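Structural characterization, general
What follows is each chain in one-letter form.
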Amino acid sequence: CIFESIILKESTTLSQKIFLALGIIGVIYIAINTNTSSGNDTVIGILCLIVAVIAGPAYLVFSRKSSGQFAALEITYFSCLLGAVVFNALSIIKHLWQNDILHYFDPYFDPKNIMGWVTLSIVSTIFCTLMNNFSMSRLQASTVAAFGGVSTMVTILIGVLFLEEKLYYFHYIGFTLILIRMIGVSWVAIKKDKKSSAK
């Protein structure tokens, strides 16, 4: 909402802000109640999380801003190309630093990596980014952001299906708040569109 109002000059209603806040509370509620027995909290990890929290909404807003001049496919192509260049450059720098540049291609010859690459590159990156950019060309950034909590739900449900993890009461409470946010923000956006088209 902050980036949307500053960069795009688009506004959200009070009810949309309340619905968005409900979804955020739902995700936080699940996170607080989830017992993590492994891993450590580090300053670098927390900083990376903060950068991700800022970068996500920034990407949505700039994708919407760019959608006036470029097609969703063009925005997707450029963002994926930029990601490939940046991360490969970082990998090359790392290998040069460690003086083992000949090992740069080693992952390409490991069959275990193929399925991960297909899933991450085609499904999680290209397809999802394209759908995201397409939705940004048609909807307000805050409306698209309202669906962000669905990824939390899907992640938990995949853990239940494939890793035999359990659903607890706090998952259901969090899911309910996330769904209320998604439906509420969308409902208000549809009402706003009907009012503006009636004028």
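Since we're looking at a predicted model, the values are computed, not measured. (Residues numbered from 1 in each chain as written. Predicted model: local features only at pLDDT ≥ 70, side-chain atom pairs only at ≥ 80, totals over all residues. Heavy atoms only, no water.)

1. Some points on the confidence of the model for the chain
Threshold: pLDDT expresses, on a scale from 0 to 100, how confident the predictor is about each individual residue. Here a helix means four or more residues in a row that DSSP labels H or I, a strand means two or more in a row labelled E, and each is numbered from the N terminus.
Counting all residues, the mean pLDDT for the chain is 79, and 92% of those residues have values of 70 or more. Predicted confidence in the chain is weakest over helix α6 (residues 141–145), with a mean pLDDT of 73, and strongest over helix α4 (residues 72–97), with 89.

2. Concerning the side chain of Asn133
To keep it simple, the criterion reads: Three labels apply to residues, based on accessible area from a 1.4 Å probe with only protein chains included: buried if under 20% of the type maximum, exposed if over 50%, partly exposed otherwise in between. A 3.5 Å cut-off defines polar contacts: any pair of N or O atoms within that distance qualifies, except that in protein one atom must be a possible hydrogen donor and the other a possible acceptor, and neighbouring residues in sequence count only when both atoms are side-chain atoms. Only heavy atoms matter for contacts: two residues are in contact if any of them lie within 4.5 Å across the pair.
With respect to the helices, strands and loops of the structure, Asn133 is situated in helix α5 (residues 112–138). Using a relative accessible area of 0% as the deciding quantity, one classes Asn133 as buried. At 2.7 Å, the side chain of Asn133 and the side chain of Ser63 are in polar contact. Not counting residues up to four positions away in its chain, the partners in contact with Asn133 are Tyr59, Ser63, Ala72, Ile75 and Thr76.

3. A look at α4
Definition in use: One fewer than the residue count of a helix, multiplied by 1.5 Å, yields its expected span.
With 26 residues, α4 should reach 38 Å at 1.5 Å per residue; the first-to-last C-alpha distance of 37 Å fits that figure. For α4, every residue scored as buried is listed here: Ala72, Ile75, Thr76 and His95. The elements touched by buried residues of α4 are α3 (43–66) and α5. Positioned one or two residues after α4, Asn99 has a phi angle of 60°, which is positive.

4. Thoughts on the packing of aromatic side chains
What counts here: Only rings of Phe, Tyr and Trp enter the pairing, Trp through its six-membered ring, and a pair is recorded when the two centres are within 6.5 Å. The plane angle decides the type: under 30 degrees is stacked, over 60 is edge-to-face, the rest tilted.
Evaluation of the coordinates by the stated rule reveals one aromatic pair. Both rings, one in Tyr104 and one in Phe105, keep their centres 4.8 Å apart while their planes meet at 85°; by these two values the pair is edge-to-face. Looking at Tyr104, the relative accessible area reads 14%, which means it is buried. By relative accessible area, which is 48% here, Phe105 ends up partly exposed.

5. Topic: the environment of Ile190
As for its position among the elements, Ile190 is in helix α8 (residues 169–198). Taking the C-alpha atoms as reference, Ile190 lies 10.0 Å from Thr143; in sequence the two are 47 residues apart.

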